[in-house]
Amino acid sequence: MNWDIIEGKWKQAAGAVKAKWGKLTDDDLKTIAGKRDQLIGKLQEKYGLAKDEAEMELSEFEEEYEEPQSARDRSHVKSAR
């Protein structure tokens, strides 16, 4: 999935991010605000990862991430109008 989509739907994606990386707080997620480089930095800080390790984990997350069903339903309804 393209990071632009995750960033644009950050409120929905933040839940999946927190589920994957539980050490991130709600304040961290607000600070990150969908910015990929900020998330990489927080992963390095909270998990002691090297930058390339954090980027690799985030790339894997991007590939696996799916929007919550309700968000997909709403976007489908908007596009049908």
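Section: the pattern of salt bridges
Oppositely charged side chains are able to pair whenever their charged atoms sit close together. Evaluation of the coordinates by the stated rule reveals six salt bridges. Between Asp26 and Lys18 there is a salt bridge, and its shortest N-O distance comes to 2.8 Å. A residue is classified by how much of its surface remains accessible, and Lys18, at 30% relative accessible area, is partly exposed. When the shortest N-O distance is used, the salt bridge between Lys46 and Asp28 registers 3.1 Å. Placement of Lys46 in helix H4 (residues 36-47) and of Asp28 in helix H3 (residues 26-32) is noted, with a sequence separation of 18 residues between them. Residue classification places Lys46 among the partly exposed positions, given a relative accessible area of 26%. Among the charged side chains, a network of salt bridges with common partners joins Asp28, Lys42, Glu45 and Lys46.

Reading guide: rules and limits
Residues numbered from 1 in each chain as written. Predicted model: local features only at pLDDT ≥ 70, side-chain atom pairs only at ≥ 80, totals over all residues. Heavy atoms only, no water. Salt bridge = Lys/Arg side-chain N within 4 Å of Asp/Glu carboxyl O. Buried < 20%, exposed > 50% of the residue type's maximum accessible area, 1.4 Å probe, protein only. Helix = DSSP H or I, 4+ residues; strand = E, 2+ residues; numbered from the N terminus.

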